[in-house]
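Chain by chain, the residues:
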Amino acid sequence: MSVNLPVYYTFSEFQQNYNEVFQNWKKVYAEGEEKDFIEQYREKYSSYVRYDEEEDHSLV
């Protein structure tokens, strides 16, 4: 079973929904840790969002 990891258009939306989505994820992956949750998000959406430390910590 997998959990729907929604895409957000703003970081604010992501922050507002983070705890709820993480808790739903924990129901499915009870042995998982937050780092595993973050890794799943990263794997799913890494082709859409890039973080560039060289560019003043902005999304590119």
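Just above sits the structure.
Residues numbered from 1 in each chain as written. Predicted model: local features only at pLDDT ≥ 70, side-chain atom pairs only at ≥ 80, totals over all residues. Heavy atoms only, no water.

**Observations concerning the packing of aromatic side chains**
In total, this model carries 12 aromatic pairs according to the counting rule given. Taken together, a centroid distance of 6.2 Å and an interplanar angle of 20° make the contact between Tyr 18 and Phe 22 stacked. Linking Tyr 18 with Phe 22, this pair stays in helix α1 (residues 11-28), spanning four residues, or about one helical turn. Phe 22 shares its class with Tyr 18; the two are buried. These aromatic residues form a ring-pair network of at least three members: Tyr 8, Phe 11, Phe 14, Tyr 18, Phe 22, Trp 25, Tyr 29, Phe 37, Tyr 41 and Tyr 45. (Phe/Tyr/Trp six-rings, centres within 6.5 Å; stacked < 30°, edge-to-face > 60°. Helix = DSSP H or I, 4+ residues; strand = E, 2+ residues; numbered from the N terminus. Buried < 20%, exposed > 50% of the residue type's maximum accessible area, 1.4 Å probe, protein only.)

**Some details on the pattern of salt bridges**
If charged atoms from side chains of opposite charge come close, those side chains can pair. All chains considered together, the criterion is met by one salt bridge. Note that Arg 42 is salt-bridged to Glu 39, the shortest N-O span being 2.6 Å. Linking Arg 42 with Glu 39, this pair stays in helix α2 (residues 34-45), spanning three residues, or about one helical turn. On the basis of relative accessibility, which here comes to 47%, the residue Arg 42 falls in the partly exposed class. You can call Glu 39 partly exposed: its relative accessible area is 30%. (Salt bridge = Lys/Arg side-chain N within 4 Å of Asp/Glu carboxyl O.)

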